[in-house]
Amino acid sequence: MDRLVGSGRYPGMTQLHQAVPLVERQHALIEEMRARAPRFVTGRVLAERTGTTVRTVERDVTRLREAGVPVEVKRGAGGGYRLSMPAVVPPVTFSPGEVAALVASLVALGPYTSATARTALDKLLTAFG
């Protein structure tokens, strides 16, 4: 499997400055779909909200789905994208290494990109003690 982030000298690797906008867009897509759930959101609306094109939304949703994010796709009239998540997520236990990985990801994303990113970071930092 290709690494997402690298020096740029190797095929399939993205430099960090290229990865951050991707992560920010994907976070914004997830947040838009979550906020509108259980309704479907059109690619055009998601493109407008993320400042991209419908094709970029399609590529980003494909990446999310390949990673296992539960995004439903409905073609045709009344279609679009929908995040299939429960309204309440059960408690999850993380190892210290997993917490460190999540903290690093949120810091790279920028914890002030959304209120949910900030509260997630606060909770993870609290876990560090």
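The protein chain is annotated in an unreviewed UniProt entry as Putative transcriptional regulator of Amycolatopsis camponoti.

Could you give me a rundown of helix α3 (residues 54–66), with the residues and numbers involved?
Taking 1.5 Å per residue as the helical rise, α3 with its 13 residues ought to reach 18 Å, and the 18 Å between its terminal C-alpha atoms agrees with that figure. Regarding α3, the residues found buried are Thr56, Val57, Asp60, Val61 and Leu64. Taken down its axis, α3 places every buried residue within 135° of arc, on the same side. Immediately beyond the C-terminal end of α3, within one or two residues, lies Gly68, with a positive phi of roughly 100°.

An account of helix α5 (residues 115–128) is requested, with residue identities and associated values reported.
For α5, built from 14 residues, the straight-helix expectation of 20 Å at 1.5 Å per residue is met to within 8% by its first-to-last C-alpha distance of 20 Å. For α5, every residue scored as buried is listed here: Ala117, Leu121 and Leu124. Projected down its long axis, α5 carries its buried residues within an arc of 65°, all on one side. Of the exposed residues in α5, the ones pointing more than 90 degrees away from its buried face are Ala115, Lys123 and Thr126.

Which residues make up the pairing of strand β2 (residues 80–83), and what values go with them?
Note: strand β1 (residues 71–74) against β2, 4 bridges, orientation antiparallel. For Val73, the partnering residue across the bridge sits in β2 and is Tyr81. Counting the residues in the hairpin turn of β1 and β2 gives 5 residues, including Gly76, whose phi is positive at 90°.

Reading the values: rules and limits
- Residues numbered from 1 in each chain as written.
- Predicted model: local features only at pLDDT ≥ 70, side-chain atom pairs only at ≥ 80, totals over all residues.
- Heavy atoms only, no water.
- Helix = DSSP H or I, 4+ residues; strand = E, 2+ residues; numbered from the N terminus.
- Expected span 1.5 Å × (residues − 1).
- Buried < 20%, exposed > 50% of the residue type's maximum accessible area, 1.4 Å probe, protein only.
- Arc of directions from axis to C-beta.
- Pairing = 2+ DSSP bridges.

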